[in-house]
Amino acid sequence: MNLDFDPVRCTLCPRQCGGDRTKGRGRCRMPEAPVLARAALHQWEEPPLSGTRGAGTVFFSGCSLGCVFCQNDSISQKDFGKEVSLSRLREIFFELIDAGAHNIDLVNPTHYAHAVAQALEEPLPVPVVWNSGGYDRVETLTALAGKIDIYLPDFKYPDREGAEKYAGAANYPEVAQAAIREMVRQTGPYALDEAGILKKGVIIRHLLLPGRLAQAKVVMDWVAETFPPGTVLFSLMSQYTPWGDMARCPELDRRLRKSEIRAAAAYMDNLGLEGFRQEAEAAQARYIPAFDLTGVEKGTVSKK
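This is a predicted model, so every value here is computed, not measured.

Digging into the packing of aromatic side chains
And step 1. In this structure the tally under the stated criterion is ten aromatic pairs.
And step 2. With a centroid separation of 6.4 Å and an interplanar angle of 35 degrees, the aromatic rings of Phe155 and Tyr172 are classed as tilted. Placement of Phe155 in the loop between strand E6 (150-153) and helix H6 (160-167) and of Tyr172 in helix H7 (residues 172-187) is noted, with a sequence separation of 17 residues between them. Of the two residues examined, Phe155 and Tyr172, each falls in the buried class.

If you want it as structure tokens, here you go:
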């Protein structure tokens, strides 16, 4: 299936806003050509992605979801970044591979699915990771089948009320569930290589938010009920830090309590979900990447 992309009437993401991407007028505010804020080796993804050498992260600017608490708001909402050509995007992939990346980790690529599809016309020698907020159209994902080896979606909100309040996307729960099912359909059960590095599969992330332990349990219930053991991995994230203007959601203007983190972890264990969980120490601003165009211009990818 070919990717259906009309640059003057974009419908790539579930917003289907019909914006003119040639003028940056879509909900994501981004032009047709990819805009990047950083491309570098990253050690803070889940262990089978970061491995010993790091994931080759490529951070796209702009966002079609727009969560109020996003820690990457300088690029997701304030749109910092630099436009690059498709040839430069593919060149960046190989610069990261040459630097030792275990994979190419496309961070927030939803509104650039058309560019990703073109850049991956020829397969890469390492797995490709689609690292998204989970707010993806099934039709767009279907058009990417065969190009993406690993899907790393969030399942942020299982409730329409929370999705509307924090992202203005009341349809998020059903959209994310359908998207994740399609991702699993494409990859099949997860598979690791002999070194424990993920070769293919789906890791479903959930960021625990203050006061929303009940919603986290709903997410975990859905994962456990939907996918048999050995199918997907689950990542319970406790890195939430109050960020930006919290006036719209004062209930989120605090760090997680240790009791919330412990209770969520215990629930995950009781369900027998395979995967990963963060400790309270993960909630530190120093783990937020520096969005400074590292790796975007030729010769700036670090080999460290």
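Still more ground to cover, so stick around.
Topic: helix H8 (residues 213-226)
And step 1. Taking 1.5 Å per residue as the helical rise, H8 with its 14 residues ought to reach 20 Å, and the 20 Å between its terminal C-alpha atoms agrees with that figure.
And step 2. Taken together, the buried positions of H8 are Leu213, Ala216, Val219, Met220, Trp222 and Val223.
And step 3. The inward-facing, buried residues of H8 contact H7, strand E8 (198-207), strand E9 (233-237) and helix H9 (258-271).

Regarding the side chain of His102
And step 1. Mapped onto the fold, His102 is located in the loop between helix H3 (86-98) and strand E4 (104-107).
And step 2. One polar contact links the side chain of His102 to the main-chain amide nitrogen of Thr52, over a distance of 3.1 Å.
And step 3. At 3.1 Å, the side chain of His102 and the backbone nitrogen of Arg53 are in polar contact.
And step 4. Leaving out residues up to four positions away in the same chain, His102 has contacts with Leu49, Ser50, Gly51, Thr52, Arg53, Gly54, Val126, Pro127 and Ile197.

Things to note about the pairing of E9
And step 1. Taken across its five residues, E9 has five buried, putting it largely inside the fold.
And step 2. Alternating positions in E9 separate into two faces, Leu233, Ser235 and Met237 on one and Phe234 and Leu236 on the other, with burial throughout.
And step 3. Where E8 meets E9, five bridges bridge the pair, whose relative direction is parallel. Looking at the pairing, Leu207 lines up with Met237 of E9.
And step 4. Read as a crossover between parallel neighbours, the route from E8 over H8 to E9 is right-handed.
And step 5. Sheet analysis places E9 next to strand E10 (residues 275-277), joined by three bridges and oriented parallel. Bridge assignment links Ser235 to a residue of E10, and that residue is Phe276.

What about the nonpolar core?
And step 1. Counting 82 residues, the largest nonpolar core has Val58 and Phe69 as its most contacted members.
And step 2. Residue contributions to this core peak at seven residues, all from H7.
And step 3. Contacts of Phe69, omitting those with residues within four sequence positions, involve Tyr157, Tyr166, Leu207, Leu209, Tyr240, Trp243, Met246 and Leu252.

Quick look at unusual backbone geometry
And step 1. Here Arg29, not a glycine, exhibits a phi torsion of approximately 70 degrees, which is positive.
And step 2. Relative to the helices and strands, Arg29 is located in the segment before strand E1 (35-42).
And step 3. The phi dihedral of Leu293 falls on the positive side, at around 70 degrees, and the residue is not glycine.
And step 4. In this fold, Leu293 is placed in the segment after E10.

So, the pattern of salt bridges
And step 1. Overall, the coordinates contain 19 salt bridges when judged by the stated rule.
And step 2. Measuring nitrogen to oxygen at the nearest pair gives 2.9 Å for the salt bridge that ties Arg205 to Glu46. One end of the pair, Arg205, is in strand E8; the other, Glu46, is in the loop between E1 and helix H1 (47-50), with 159 residues separating them in the sequence. Just as Arg205 is buried, Glu46 falls in that class too.
And step 3. Each of Arg88, Glu91, Glu95 and Lys298 takes part in one network of salt bridges that share partners.

Let's talk about H7
And step 1. Between its first and last C-alpha, H7 extends 22 Å over 16 residues, near the 22 Å set by a 1.5 Å rise per residue.
And step 2. For H7, the complete set of buried residues consists of Tyr172, Pro173, Val175, Ala176, Ala179, Ile180, Glu182, Met183, Val184, Gln186 and Thr187.
And step 3. Downstream of H7 by one or two residues, Gly188 has phi in the positive range, about 75 degrees.

Describing the environment of Thr22
And step 1. Within the secondary structure, Thr22 is located in the segment before E1.
And step 2. With relative accessibility at 44%, the residue Thr22 sits in the partly exposed group.
And step 3. Spatially, the C-alpha atoms of Thr22 and Leu86 are 15 Å apart, while their sequence positions differ by 64 residues.
And step 4. Excluding anything up to four places from it in sequence, Thr22 contacts Pro7, Val8 and Glu32.
And step 5. Polar contacts involving the side chain of Thr22 include one to the side chain of Asp20, which spans 2.4 Å.

Quick notes on the rules
Residues numbered from 1 in each chain as written. Predicted model: local features only at pLDDT ≥ 70, side-chain atom pairs only at ≥ 80, totals over all residues. Heavy atoms only, no water. Phe/Tyr/Trp six-rings, centres within 6.5 Å; stacked < 30°, edge-to-face > 60°. Helix = DSSP H or I, 4+ residues; strand = E, 2+ residues; numbered from the N terminus. Buried < 20%, exposed > 50% of the residue type's maximum accessible area, 1.4 Å probe, protein only. Expected span 1.5 Å × (residues − 1). Contact = heavy atoms within 4.5 Å. Polar contact = N/O pair within 3.5 Å; in protein donor to acceptor, adjacent residues only side chain to side chain. Pairing = 2+ DSSP bridges. Right-handed = clockwise from strand over helix to strand, strands pointing away. Core = buried A, V, L, I, M, F, W, Y, C linked by side-chain atoms within 4.5 Å. Salt bridge = Lys/Arg side-chain N within 4 Å of Asp/Glu carboxyl O.

The quantities given are spatial measurements derived from coordinates; they are silent on function.
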